[in-house]
Amino acid sequence: MQASISIISTVIIFLLMVKLHKRFPYQFFMPILTSSIIIIAGLLLLNIPYEVYMEGGRYLQHLLGPAVVALAYPLYNQWEMVLKYKYTILSGILIAMVSGLISIYTLLVIFKLDKELILTALPKSITTPVAMQVSETIGGIPPLTAVLVMIAGFTGALLGSVVFSIGKIESSISRGIAMGSASHGVGTSKLVDYSELDLSIGSLSLGLSAVIGAILCPIFAYIFM
Amino acid sequence: MSLEKGFPFSNDSMRVVRIIAQILILYIFYYAGVLIGNLTKLPLPASVIGLVLLFICLQLKWIKVDYIKDGASFLIGFMMLFFIPPMIGIINYPELFSLSGSLLMASVIVSTLFVLITTSLICQWIEKKELAMKEKKEKGEMDHASKYIHH
């Protein structure tokens, strides 16, 4: 009963917010942002704990599994392009991973945050399930890692298009690699606004950075911490 | 209402049935990913393993694109919705809004922007090099071929 209430209200709020975003196509009316704010406000006002919301919410979250599997479809459609730019893609993902690890580590050391928080933040650019696994292996706090992963995703989804227009990034390959490896699935699903090629390079990059990140993060933590 | 031959359903309800059936196929691949992940202890999420499996099956033509096309497009279109529940998880961490919490969040945002800008700029540069290299190679092959023809 409670489960179906949170599923139905999440879907209805999301669909209304999609409508709102169509009417006012500004970045800050992005449906995931507005829906999350409304739901959080609602839960806080009605004093409903997260665990109760998740009784239904986890079914929606569970659909992320087949949704990520579905990214094989654009990837299949664009495979020729992927092969054509294989060196760019591989080196791009490595650059993204290394620059992400070094920048987050440097910032948190400058701000003098605890070792545990630094370990929690290191896997922020990898897709949620892998990030949580990595966080656990290196000694971070997995559920907090999941929240930071969402913030990284949001940053890309919300500000990615601004970054791309300032940097004059006109290539689908570059946008896909940057978004997939910096902002995983959340950023990648926003690439629908550009083209199918953007989307497929993005999904390839998010998959590859999950693999590369799962290997590099523990090595980085071992060397620097 | 237009009816398909032999089916007492409208095209719309057929489409709904087709999308649901195709999502079930995608779920099968997802659970195959779960199984393989558990058996092999790969440091990869089940969904990424499922993605690779489906991709291989599509490449080898074991599965027709038409069998998953509509379901896949539907799920990708609604992907943002599925990210809402983990996003709501933020309410379990009110300390994120303390000083060190804000610094942590700000660092994640700044680092992500840094990665986006450096990666996309460097990629755009490498991409041009890779393309130029290929063109040069192709041109080289063509020159070689034309020399051959002239002799």
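Residues numbered from 1 in each chain as written. Chains lettered and ligands numbered in written order. Predicted model: local features only at pLDDT ≥ 70, side-chain atom pairs only at ≥ 80, totals over all residues. Heavy atoms only, no water.

Trainee: Explain the interface of chain A and chain B to me, please; I cannot follow it from the model alone.
Mentor: Buried accessible area, meaning the area lost when the parts come together, often serves as the stated size of an interface. Taken residue by residue, the interface counts 96 residues in chain A and 68 residues in chain B. Across the interface of chain A and chain B, roughly 7600 Å² is buried in total on both sides, 81% from carbon and sulfur atoms. Counting the surface chain A buries against chain B, the share from its top three residues, V69, Y73 and Y76 of chain A, is 10%. Here chain A is connected to chain B by 0 salt bridges. (Contact = heavy atoms within 4.5 Å. Buried area = accessible area lost by both parts, 1.4 Å probe. Salt bridge = Lys/Arg side-chain N within 4 Å of Asp/Glu carboxyl O.)

Trainee: Honestly, the packing of helix α2 (residues 31–45) of chain A against helix α4 (residues 79–88) of chain B in this entry has me stumped. Any pointers?
Mentor: Each packed pair of helices is defined by two parameters, the angle between the axes and the distance between the axes. In contact at an axis separation of 10 Å, α2 of chain A and α4 of chain B are set at 40° when each is read in the N-to-C sense. With respect to each other, α2 of chain A and α4 of chain B are oriented oblique. When you trace α2 of chain A past α4 of chain B, the crossing you get is right-handed. Mapping the contact onto sequence places I32, S35, S36, I39, I40 and L43 of chain A in α2 of chain A and M80, F83, I84, M87 and I88 of chain B in α4 of chain B. Grouping the constituent residues of the contact of α2 of chain A with α4 of chain B by class yields 9 nonpolar, 2 polar and no charged. (Axes fitted to C-alpha atoms, helices over the stretch in contact; angles between N-to-C directions. Helix = DSSP H or I, 4+ residues; strand = E, 2+ residues; numbered from the N terminus. Parallel < 35°, antiparallel > 145°, perpendicular 65-115°, else oblique. Left-handed = near helix turned anticlockwise from the far one by under 90°. Nonpolar A, V, L, I, M, F, W, Y, C, P; charged D, E, K, R; others polar.)

Trainee: How should the UniProt feature "transmembrane region" (unreviewed entry) in chain A be read in this particular structure?
Mentor: All names here are of chain A. The UniProt record annotates "transmembrane region" (unreviewed entry) at residues 6–21, 28–47, 59–76, 88–111, 144–166 and 199–224. For residues 6–21, the helix share is 100%, the strand share is 0%, and the end-to-end C-alpha distance is 22 Å. Secondary structure content for residues 59–76 is 89% helix and 0% strand, and the end C-alpha separation is 28 Å. (UniProt positions renumbered as here; feature names shortened; annotations may be inferred.)

Trainee: Explanation requested: the UniProt feature "transmembrane region" (unreviewed entry) in chain B in the structure shown.
Mentor: Residue and element names in this part refer to chain B. Here, the residues flagged by UniProt with the feature "transmembrane region" (unreviewed entry) are residues 16–36, 42–60, 72–91 and 103–126. Here residues 16–36 runs as 100% helix and 0% strand, with 30 Å between its end C-alpha atoms. Along residues 72–91, the helical share is 80% and the strand share 0%, with 31 Å between the first and last C-alpha atoms.

Trainee: Explain the domain arrangement of chain A here, please?
Mentor: Residues and elements named next belong to chain A. Partitioning chain A into domains gives domain 1 (2–62) and domain 2 (72–224). Of note, the centres of domain 1 and domain 2, computed from C-alpha atoms alone, are 25 Å apart. With 5 residues of domain 1 in contact, the opposing surface of domain 2 contributes 6 residues. Approximately 620 Å² of surface area, both sides summed, lies buried where domain 1 meets domain 2, with 78% of it carried by carbon and sulfur atoms. By the criterion of area lost to domain 2, the three top residues of domain 1 are Q27, M30 and I32, representing 67% of everything that side buries. The interface formed by domain 1 and domain 2 contains 0 salt bridges. (Domains from an automatic or database assignment.)

Trainee: Could you clarify how one ought to interpret helix α12 (residues 196–224) of chain A in this entry?
Mentor: An α-helical turn contains 3.6 residues, so any two residues separated by three or four positions project in the same direction. Residue and element names in this part refer to chain A. With 29 residues, α12 should reach 42 Å at 1.5 Å per residue; the first-to-last C-alpha distance of 39 Å fits that figure. The principal kink in α12, of about 35°, is found at G213. You can read the cap of α12 off the contacts: a side-chain oxygen lies 3.3 Å from the backbone nitrogen of L197, and it is on S195. (Expected span 1.5 Å × (residues − 1). Bend = angle between axes of the 7 residues up to and from the residue. Polar contact = N/O pair within 3.5 Å; in protein donor to acceptor, adjacent residues only side chain to side chain.)

Trainee: So what exactly am I meant to see when it comes to the packing of aromatic side chains here?
Mentor: Describing an aromatic ring pair means giving the distance of the ring centres and the angle of the ring planes. Under the counting rule described, the total for this entry stands at 12 aromatic pairs over all chains. Ring centres 6.4 Å apart and planes at 50° place the aromatic pair F14 of chain A and F78 of chain B in the tilted group. Of this pair, F14 of chain A sits in helix α1 (residues 2–23) while F78 of chain B sits in the loop between α3 (69–77) and α4, on two different chains. Exposure remark for F14 of chain A: the relative accessible area of 4% places this residue in the buried category. Relative to F224 of chain A, the ring of F220 of chain A lies with its centre 4.4 Å away and its plane at 25°, an arrangement referred to as stacked. (Phe/Tyr/Trp six-rings, centres within 6.5 Å; stacked < 30°, edge-to-face > 60°. Buried < 20%, exposed > 50% of the residue type's maximum accessible area, 1.4 Å probe, protein only.)

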